[in-house]
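Working through the structure, step by step
The primary structure of each chain is shown beneath.
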Amino acid sequence: MASPNGMLIKMQGVSKIFFTDELETHALSAIDLEIKKGEYLAIAGPSGCGKSTLLAILGLLDSPTEGNYFLNGKPVSSLKLSDRSRIRNREIGFIFQAFNLIGDLTVYENVELPLTYRGMASAERKEKVQAALQRVEMAHRSKHYPAQLSGGQQQRVAVARALVGDPLILLADEPTGNLDSKNGDAVMDLLKELHANGATICMVTHDPRYAHHAERTLHLFDGRIVEQTLAPV
Amino acid sequence: MNLRFLQRLASFFRRSQLDQDLEAEMSSHLELAIEDNLRNGMSPAEARRQALIQFGGAQQAKEQHRDSRGIPVLDVLHQDLRFALRMFRKSPGFTAIAILTLALGIGATTAIFSVVNSALLRPLAYRDPQRLYLVREIVPQLAKFYPTLSANLPDFHIWQKQVHAFADVAIAESTTADLTGHDEPEVLHGVRASANIFSVLGTHPALGRTFRPEEDDSGRGRVLILTDAFWRNRFQGDPSAIGKTITLDGVPHEIVGILPASFPFPQVLGGADSYSRLAFFKPLNGPESYEQSLIGEFDFAAVARLSPGVTQDQALAELNVVQSQIARRANEGVDLLGTLLPLETEVVGPARRGLLFLLAAVGAVLLIVCANLASLLLARVPGRMREAAIRASLGATQARIIRQLLTETFLLSFAGGALGIWIAGFAVKWLVRLAPPGIPRLDEVNMDARVLLFALAISIAAASFFGVFPAWRITRSQPVDALKSGVTATTESRRTRRLRESLVSFEVGLTTLLLILAGLLIASLGQLLRVHTGFTVENVLIAGVDLPPQNYSQPADRLHFYDRVLAGLQSLPGIQAAGWVSIPPLGGEGSVTGINIPGAPQTQAETPIANYRPVSPDYFSAMGIALLQGRIFGPADHDRKIVVVSQNVAERFWPGKNPIGQICITQWGPDVPAEVVGVVGDIRTVQLDMPPLMMVYVPTWFNTISVPTSASIVLRTVRGPAIYAGPVRDLIRNIDPDVPLTTLRPMSQIVSHSLDARRFPMFLAMLFALSSLLLAALGIFGVVGYSVEQRRQELGIRMALGANLQDLLRMVLRQGMAPVIVGLVAGVITAVFAGRLIGSLLFGVSANDLLTLATVAFVVVAVALVACYIPACRATRVDPMIVLRYE
Amino acid sequence: MSDSKLDLLQGTLDLMVLQTLAAMGSLHGYGIARRIEQVSGNEVLLNQGTIYASLVRLQQRGWISAEWGTSDNNRKAKFYSITKAGRKQLSEDAAYWQRLSLVMNRVLAMPEEEGGKS
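Worth saying up front: this structure is predicted, and the values here are computed from it rather than measured.

Rules used in this analysis
Residues numbered from 1 in each chain as written. Chains lettered and ligands numbered in written order. Predicted model: local features only at pLDDT ≥ 70, side-chain atom pairs only at ≥ 80, totals over all residues. Heavy atoms only, no water. Patch = residues over 30% accessible without salt bridge, like charges linked within 9 Å, V, L, I, M, F, W, Y side chains within 5 Å. Areas by Shrake-Rupley, 256 points an atom, 1.4 Å probe, with all protein chains shown as cover. Salt bridge = Lys/Arg side-chain N within 4 Å of Asp/Glu carboxyl O. Helix = DSSP H or I, 4+ residues; strand = E, 2+ residues; numbered from the N terminus. Contact = heavy atoms within 4.5 Å. Buried area = accessible area lost by both parts, 1.4 Å probe. Polar contact = N/O pair within 3.5 Å; in protein donor to acceptor, adjacent residues only side chain to side chain. Nonpolar A, V, L, I, M, F, W, Y, C, P; charged D, E, K, R; others polar. Axes fitted to C-alpha atoms, helices over the stretch in contact; angles between N-to-C directions. Parallel < 35°, antiparallel > 145°, perpendicular 65-115°, else oblique. Left-handed = near helix turned anticlockwise from the far one by under 90°. Lys, Arg positive; Asp, Glu negative; His and termini not counted. Charge placed at Lys NZ, Arg CZ, Asp CG, Glu CD. Buried < 20%, exposed > 50% of the residue type's maximum accessible area, 1.4 Å probe, protein only. Core = buried A, V, L, I, M, F, W, Y, C linked by side-chain atoms within 4.5 Å. 1 Å grid on protein atoms, 1.4 Å probe; cavity = no way out; pocket = protein on both sides within 12 Å on 5 of 7 lines; lining within 4 Å. Points joined across faces, edges and corners; volume = space filled by probe spheres on them. pLDDT = per-residue confidence, 0-100. Expected span 1.5 Å × (residues − 1). Arc of directions from axis to C-beta.

1. So, a nonpolar patch on the surface
- There is a patch of nonpolar side chains on the surface, built from Val 103, Met 104, Val 107, Leu 108 and Met 110 of chain C and spanning about 490 Å² of accessible area.
- Assignment of secondary structure puts Met 110 of chain C in the segment after α4 (84-109).

The structure is reproduced here in structure tokens:
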């Protein structure tokens, strides 16, 4: 199902307008965006610039008011709710600022969650969960509850959950925002390593220290892409 | 000590004045000190400074002063109450629901308790009621059919003289009399009693005099004592009624006394089925002709007051000695024994179990109300924990915080209790008005001090029950946790959720139990309505007549009257058949005596018993009783000794043989051999829930008593029988205006009325069960809804990870239903055991009737699903964008 | 010892107040506090304010009575005096304290054992 010239994501003229009390807010205006397979892209900008909205549209949590969005060559901007949840489940892996692990579930169950929504057999799930946990070096904590882990450990579990289903792309929303710099560095190193092994990553951050980890950084301001920088090779 | 407490209490209410006083005293103290210091040569500023240093903390001094003069608990309570009221104002919805559901729960429980209180707990309104015993006779040879018998009149006279363990003994029987001389003849219910009845019970007429001993003798007892109700109704409460004369059964009777309004006379003593229907008491006025023999005619309720210091066993031993002497004297080949039954227990009789069941059921509803409130309060715990943490950081102890919480719960409960007592007042009136006569001492129900105490006690119990959960929850947590956010808070609310889920299980369990028990009662009633009555219920009108003895002493006169009525009815349009019977179906037993076949080996005592019924030939077709074999007697059979028997008679005596033409020995009157000419179907004779009795139907010419003085005219009509009531009344009045109608009702109404005693508890049980179901549904709704609200973030995460709406819906439903299923299973298991306890209330269904269990399980699951589904739908409306938002 | 003032034992302040009133007749709160300080040779650590808690306690037990009046230098002040019941209580309490102090003296006079077993 590879799209032409290895293009994983293609956005054309995507806009998002919120209507509130006769007031139109243009959260995003005419965004054109392409992400190649295996690319590590950062989206940077001050808060309120539309980063989160863009990420939500990229992650199919929200749909654009205008414009087209092709994921892996398929148009996805106007899919039914159930199709969107299926795509979120199979083709997208989320990493959140607040980790967003479910407190009632163990580390193992948290990582297993996306697979259960896929209706995968339990033996296969077990294999994949363990592999993912090993990859983030959290296999020894699989019986723990999130509350028993440090922030850095929780985020590593969240990364394992994002990649357990072999998604096409990892979407990371300020993954270091709730971490101290030591743990933040460790998570960034983990993402780098994943990228080195072929993962496509799109990360939203307002922290310029981390933006340069990416190969390419889009600078967003007031809902528009104002600049693009390439990391020094 | 007490005085000091009162002073402290007084100072609590005079706080502000005392504070002002102290203020004045302190300022004078400082001034005195400053003056001293000035005198010692200090500068004014230094003098003031030193005075303040010497005095120490002014605020501290005030606190100490308050602590030692007042009651700190009261001050704290005052604060807590103010805070509680503020909390109530902040959430008026919760407060209203809490108080209202509590009021309904406490009100209903209190109302049922009032009934239980008067029926089971309050002593009978007689002097020393625990010394009163019913005396019943036992003929061992009849014990198979009649374990105990009422008392015989001549036996009673012997007991009065010879049983010294009895301080006194009285007898009474229910009677009716035709009141004439006024406009419409009327049948009055009354009691024929020995003259000493009131002294034995320990009461005295409110006006006039009691009966005199000689009024028990023949011809001297034409006097009446009226009940208060009848006197107020007939004489408008005019005291000059004493000495007046009224005509009963054509004989003038003088009114000599009026009973007090509060004089109960239960059915076991020979009273009417409802005390308010009772009109008069009359003395024995000598034995009737048939009341001469020492054995037989066991018609009277006998009540004995034991002599002081005599035990029940001693009295019984003496009674049995006297009984055996009577048997020897009677010389009829039977033995005679007696038994003593405590009057108080007998008055309640079989209603006890039903009442306790209802009390338990309504108590269960109250428990569910409490569980719901506990759940609502628990939902507020996380919020309260933050508040508690702030208070704790300001130095409040945990005990102080819990006390604050309990103040609120008790305040709620007392408000609910007060409103509940008010509601109970109405409920009691409603119960008394609607309840069937089966509930003993219903006329005595009121809300006395014990009922009010009970209401207070259950209010306290309720508050303790629903307040202890949130309090316990708070003690189990570290207040600091509440100030943290994030994952810890989730686990915090998870623990609360578990507790609330157990409460849901508890509610569902109780509801299931109640629904099953109510369902079993409904199934029983359904079985009864489907029971094969053996007669037609629809389109049958019953008109009871009571022929005044003075005009109808001859059988020929009575027969003539009945014939004229039947002839008159034939001319009415739309009547299919008309007949008469001495006692109609469900009209009770009567004319019960032996039946046998020639050469039967049984001794006299073992002779089977049958109900004898004189009937007109058309009775069977009018009543819809099927002719199975042979024929009905007709005019052509005149003077032949022939009978029609019910099927069970034929099967009893001639199994496998043709009963037609067989001879049986009837023992109604003198023993007479009679030929069976027909066999008709069995009928439910006394009650729908009692198996058919053996019936022998005799023609009017059978013997001297086969034309009854009272009978029921039975009309089979084409259409609704009620419209014939008017014409029938007119017809009978035209024939003889002095003949009163005792009944004029469609048979369907009589059948329905006979089930009232079952229908009423069933109705209440159903009411309680449905209330529980509603409450439990609200409880489920609340728990699931709250949990969805708490877990919006989690639901958003799950959506982001690819859960679709069905996944979420299923998950919320599954989690919401889990405690429901636990409760359901527990409820069903309990019901299977509890059902045995109410076995005596059931008819035709077993306590673990599968259909009932399955229906209830289905209803509970369906209602719970709806209660889960509504909030679960909210889960699907969570915006997954929530995962990208941070506060 | 002398450089730190004595903390008042529970209940001793009440006894001091009663004794002061018995000895001096009617006095206001400041006067009572000053008197106790003087008699004790300023050995007692007394926040004068605490005297009022003691006064209200004694009043409620009926051992003293109170009345507003004017002081020598024409100031309005509340004057306290001991009641009959108060005198009775005082003699009981005083006897108790004397016995207790005798016992305490004897106990404290016990010589320490040589080479104590700790």
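From this point, the discussion proceeds with the structure in view.
2. Quick word on the interface of chain C and chain B
- Every contact between the two is made by 24 residues of chain C and, on the other side, 26 residues of chain B.
- Broken down residue by residue, the surface that chain C buries against chain B is led by Tyr 30, Tyr 52 and Gln 60 of chain C, which jointly contribute 33%.
- Where chain C meets chain B, there are one salt bridge.
- For Asp 21 of chain B, the salt bridge is made with Lys 78 of chain C, and the minimal N-O distance between the two is 2.7 Å.
- Taken together, chain C and chain B are joined by six residue pairs in polar contact (both at pLDDT 80 or more).
- Elements that contribute at least two residues to the side of chain C that touches chain B include exactly α2 (29-39), α3 (51-60) and β3 (76-82) of chain C.
- In terms of residues, the side of chain C that touches chain B owes the most to one element, α3 of chain C, which gives five residues.
- Grouping the amino acids of the side of chain C that touches chain B by side-chain chemistry returns nine nonpolar, nine polar and six charged.

3. Comments concerning the packing of helix α18 (residues 555-570) of chain B against helix α21 (residues 725-735) of chain B
Residue and element names in this part refer to chain B.
- Interhelical geometry of α18 versus α21 gives an angle of 140 degrees and a closest axis separation of 10 Å. The orientation of α18 relative to α21 falls into the category oblique. Between α18 and α21 lies a crossing of right-handed hand. For the pair formed by α18 and α21, the contact residues are Phe 561, Arg 564, Val 565, Gly 568 and Leu 569 on the first element and Val 728, Leu 731, Ile 732 and Ile 735 on the second.
- In terms of residue class, the contact of α18 with α21 is made up of seven nonpolar, one polar and one charged.

4. Thoughts on a negative patch on the surface
Residues and elements named next belong to chain A.
- Taken together, the side chains of Glu 137, Asp 180, Asp 185, Asp 189 and Glu 193 make up a negatively charged region of the molecular surface.
- As for its placement among the helices and strands, Glu 193 is situated in helix α6 (residues 181-196).
- For Glu 193, a relative accessible area of 43% puts it in the partly exposed group.

5. Observations regarding the interface of chain A and chain B
- Taken residue by residue, the interface counts 28 residues in chain A and 21 residues in chain B.
- Summed over both partners, the interface of chain A with chain B buries about 2200 Å², with 64% contributed by carbon and sulfur atoms.
- Per-residue buried area on chain A facing chain B is highest for Leu 61, Asp 104 and Tyr 117 of chain A; these three make up 28% of the total on that side.
- Taken together, the links from chain A to chain B amount to zero salt bridges.
- Linking chain A with chain B are five residue pairs in polar contact (both at pLDDT 80 or more).
- The set of elements that each furnish at least two residues to the side of chain A that touches chain B consists of α1 (51-58), α2 (81-91), α3 (107-116) and α5 (151-163) of chain A.
- A total of four residues in the side of chain A that touches chain B trace back to one element, the largest contributor, which is α2 of chain A.
- When the residues that make up the side of chain A that touches chain B are grouped by side-chain class, the tally is 16 nonpolar, seven polar and five charged.

6. So, the nonpolar core
- Ranked by size, the top nonpolar core spans 178 residues in total, and within it Leu 58 of chain A together with Tyr 697 of chain B carry the most contacts.
- Discounting residues that sit within four places of it in the chain, Leu 58 of chain A has contacts with Ile 9, Met 11, Leu 33, Ile 43, Tyr 69, Ile 92, Leu 171 and Cys 202 of chain A.
- Membership of the second largest hydrophobic core comes to 36 residues, among which are Ile 95, Met 138, Val 159 and Ala 199 of chain A.

7. Quick look at unusual backbone geometry
- With a phi close to 45 degrees, Ala 30 of chain A is a non-glycine residue in the positive phi region.
- The residue Ala 30 of chain A is located in strand β2 (residues 23-36) in this model.
- Despite not being glycine, Asp 128 of chain B shows a phi value in the positive range, around 40 degrees.

8. Observations regarding the packing of helix α24 (residues 792-800) of chain B against helix α25 (residues 805-837) of chain B
Residues and elements named next belong to chain B.
- Put simply, α24 and α25 touch, their axes get as near as 10 Å, and they point 145 degrees apart. In this structure, α24 meets α25 at a crossing whose hand is right-handed. Across from Glu 794, Leu 795, Arg 798 and Met 799 in α24, the residues of α25 making contact are Leu 805, Leu 808, Met 811 and Val 812.
- When its residues are assigned to classes, the contact of α24 with α25 shows six nonpolar, no polar and two charged.

9. A short note on empty space enclosed by the protein
- Summed over the entire model, instances satisfying the criterion amount to ten cavities of 30 Å³ or more.
- Taken as a whole, the largest cavity spans an internal volume of roughly 100 Å³.
- Lining the largest cavity, in full, are Arg 497, Glu 501, Val 783, Val 784, Ser 787, Val 788, Arg 791, Leu 795, Val 812, Gln 815 and Gly 816 of chain B.
- Secondary structure elements with two or more residues in the lining of the largest cavity: α17 (487-530), α23 (756-790) and α25 of chain B.
- Reported here for the second largest cavity is a volume of approximately 70 Å³.
- Surrounding the second largest cavity, 14 residues form its lining, Asn 89, Ile 92, Pro 114, Arg 161 and Ala 162 of chain A being those nearest its centre.
- Of all elements in the fold, only α2, β6 (92-95) and α5 of chain A reach the threshold of two or more residues within the lining of the second largest cavity.
- For the lining of the second largest cavity, the element with the most residues is β6 of chain A, which contributes three residues.
- Here the residues of the lining of the second largest cavity sort into eight nonpolar, three polar and three charged.

10. Some points on the confidence of the model for chain B
All names here are of chain B.
- Averaged over every residue, the pLDDT of chain B is 84; the share at 70 or more is 91%.
- Predicted confidence is poor over residues 482-489, with pLDDT under 50, and the contacts of this stretch with residues over four places away or in other chains come to nine contacts.
- The ipTM value of the predicted complex is 0.88, and its pTM value is 0.72.

11. Structural notes on helix α4 (residues 122-135) of chain A
Residue and element names in this part refer to chain A.
- Between the first and last C-alpha of α4 there are 20 Å, a value that for 14 residues agrees with the 20 Å anticipated at 1.5 Å per step.
- Those residues of α4 that fall on the buried side of the exposure criterion are Arg 125, Val 129, Ala 132 and Leu 133. For α4, the arc enclosing every buried residue in end-on projection is 95 degrees, short of the 170-degree limit, so these residues lie on one face. Turned more than 90 degrees away from the buried face of α4 sit Ala 123, Glu 127 and Gln 134, all of them exposed.

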